[in-house]
Amino acid sequence: MGEANKVSPIKNFFAGGFGGVCTIFVGHPFDTLKVRLQTMPIIPGQAPLYSGTWDCLTKTIKHEGFRGLYKGMAAPITGVAPIFAISFLGFGIGKKLQQSHPNERLTLLQLFNAGAFSAIGTTIIMAPGERIKCLLQVQQASTGPAKYAGPIDCIRQLYKQGGIRSIYRGTGATLLRDVPASGVYFMTYEWLQVALTPENSDGKLSPLRTMFAGGMAGIANWIIAIPPDVLKSRLQTAPEGTYPNGVRDVFKVLMREEGVRALYKGAVPVFLRAFPANAVCFLGFEMALKFLNWLAPSL
Ligand SMILES: CC(=O)O[C@H](CC(=O)[O-])C[N+](C)(C)C
């Protein structure tokens, strides 16, 4: 039982926001490949636009330059810091709610519950951000003039077409993805940190251990999250009225037309991104937390 188990949700909020910024710089190019692979149109009798991750990467760079990989980054860069801040805040609150005294160490199930709880807050701001990001990522320079000039134009056009409901399309799918995935994410990180830390380490931060635990947490998150993420990306990029019953319709159409393997489309870039992006996220988080503990030890 030590000070190491003491939780400060407010410090989690700021340190998590900094971790989120670190994540985007490393992770966004992988995310662009993922969304493009998940949403490329399948025309019967024609070869698919991309044969895989490498093909998607080389075609994107050839036709659009490296900037193509960073398309749609404005939305996540402004959205991701608050999302990670709220995610880590929610996790901190979820932990505190389950502690009977401030230094109590939580069980794995309690850590899972705290992580799952954090997804409720993140979904509220994440669902519209993801919709805009996906729509911007799938519009390609090679197929004529862009439909959306940028995030603001995208919001304006969506609102004009279908009001606030259109902007929030995919909220259920985002919850379906993030409630279990966030539970597993935080549980894996905390479990590995404790399991890999020697008894006599005096709570000292080990960058390598933190990056390993963070990277593995990212992998665990996405093992759970990929199938609902495919459904979400399809739903959020489909023309208005394509799936009147939401994610259930996407699932039925996907099974009928492409089979169960389609649920893992875009998995290669997801896993390529998951380790480095979440390794730097947790390193950024722990460093920011250390700084905040030095700045305001009693907060
Ligand atoms: C979908 C997402 O943002 O997942 C985060 C991990 C990642 O790879 O970005 C985890 N979390 C939602 C808990 C912040």
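The structure displayed is predicted, hence computed values, not measured ones.

Undergrad: Describe the overall build of the protein, naming the residues involved and giving the relevant values.
TA: Scanning the protein for helices and strands turns up 9 helices and 0 strands. Reading the secondary structure of the protein in the N-to-C direction produces α-α-α-α-α-α-α-α-α. Among the 299 residues that make up the protein, the fraction classed as buried is 50%. Taking contacts inside the protein between residues at least 6 apart in sequence as the whole, the part at least 24 apart equals 79%. Accessible surface, the protein as shown: approximately 15,000 Å² in total, 68% of it carbon and sulfur.

Undergrad: So what about the environment of Ile42? Which residues, and what values?
TA: Summarising the element assignment, Ile42 is placed in the loop between α1 (9-39) and α2 (53-64). Sequence separation between Ile42 and Glu258 is 216 residues, and the spatial gap between their C-alpha atoms is 9.0 Å. Beyond its immediate stretch of four places on either side in the chain, Ile42 contacts Glu258 and Lys265.

Undergrad: Talk me through the nonpolar core; I want residue IDs and the actual numbers.
TA: Among the nonpolar cores identified, the biggest contains 24 residues, and Ala15, Phe84, Phe88, Tyr185, Phe186, Phe282 and Phe285 are the most heavily contacted of them. Residue assignment for this core shows that the elements contributing at least two residues are α1, α3 (74-98), α4 (108-138), α6 (171-196), α7 (207-237) and α9 (267-295). Of the residues forming this core, the biggest block, 6 residues, is contributed by α9. With near-sequence residues (within four places) excluded, Phe282 lies in contact with Phe88, Tyr185, Phe186, Tyr189, Thr210, Gly214 and Ala217. If you look at the next biggest cluster of nonpolar residues, it comprises 16 residues, including Ala238, Leu254, Leu263 and Ala267.

Undergrad: Hey, could you go over the packing of aromatic side chains for me, with residue numbers and the actual values?
TA: This structure, assessed with the given rule, holds 13 aromatic pairs. A network of ring pairs unites the aromatic residues Phe84, Phe88, Phe91, Tyr185, Phe186, Tyr189, Phe282 and Phe285 as a single cluster.

Undergrad: Before we move on, can you summarise the site of the ligand with the specific residues and values?
TA: Close to the ligand lie Phe84, Ser87, Met126, Arg177, Asp178, Ser182, Tyr185, Asn221, Trp222, Arg273 and Asn278, which account for all nearby residues. At 2.7 Å, a side-chain N or O of Arg273 approaches an oxygen atom of the ligand. Within the side chain of Asn278, one N or O atom sits 3.0 Å away from an oxygen atom of the ligand. Out of a free accessible area of 370 Å², the ligand has 96% covered by protein chains. Contributing elements (two or more residues each) for the shell around the ligand: α3, α6, α7 and α9. Tallying contributions element by element places α6 first for the shell around the ligand, with 4 residues. Among the residues making up the shell around the ligand, the classes are represented as 4 nonpolar, 4 polar and 3 charged.

Undergrad: Describe the pattern of salt bridges, listing the residues and the values that go with them.
TA: Considering all chains together, one arrives at 16 salt bridges under this definition. In this structure, the salt-bridge partner of Glu190 is Lys95, at a minimum N-O distance of 3.0 Å. With Glu190 in helix α6 and Lys95 in helix α3, this pair connects stretches of sequence that are 95 residues apart. According to the relative accessible area criterion, Lys95 is buried, its value standing at 12%. Measuring nitrogen to oxygen at the nearest pair gives 2.5 Å for the salt bridge that ties Asp153 to Arg156. Residue Asp153 and its partner Arg156 are both found in helix α5 (residues 151-167); the two are separated by 3 residues, about one turn of the helix. For Asp153, a relative accessible area of 13% gives the class buried. By sharing partners, the salt bridges in this structure join Asp31, Lys34, Glu130, Lys133, Arg177, Asp178, Asp229 and Lys232 into a single network.

Undergrad: How would you summarise α2 if you had to cite specific residues and measurements?
TA: Over its 12 residues, α2 extends 16 Å from the first C-alpha to the last, a length consistent with the 16 Å expected when each residue adds 1.5 Å. Those residues of α2 that sit buried are Thr53, Asp55, Cys56, Thr60 and Glu64. In a view along the axis of α2, the buried residues occupy a sector of 160°, so they form one face of it. The exposed residues of α2 that point more than 90 degrees off its buried face are Trp54 and Lys62. Gly65 sits one or two positions beyond α2 and adopts a positive phi of about 75°.

Calculation rules
Residues numbered from 1 in each chain as written. Predicted model: local features only at pLDDT ≥ 70, side-chain atom pairs only at ≥ 80, totals over all residues. Heavy atoms only, no water. Helix = DSSP H or I, 4+ residues; strand = E, 2+ residues; numbered from the N terminus. Buried < 20%, exposed > 50% of the residue type's maximum accessible area, 1.4 Å probe, protein only. Contact = heavy atoms within 4.5 Å. Areas by Shrake-Rupley, 256 points an atom, 1.4 Å probe, with all protein chains shown as cover. Core = buried A, V, L, I, M, F, W, Y, C linked by side-chain atoms within 4.5 Å. Phe/Tyr/Trp six-rings, centres within 6.5 Å; stacked < 30°, edge-to-face > 60°. Near = heavy atom within 4 Å. Polar contact = N/O pair within 3.5 Å; in protein donor to acceptor, adjacent residues only side chain to side chain. Nonpolar A, V, L, I, M, F, W, Y, C, P; charged D, E, K, R; others polar. Salt bridge = Lys/Arg side-chain N within 4 Å of Asp/Glu carboxyl O. Expected span 1.5 Å × (residues − 1). Arc of directions from axis to C-beta.

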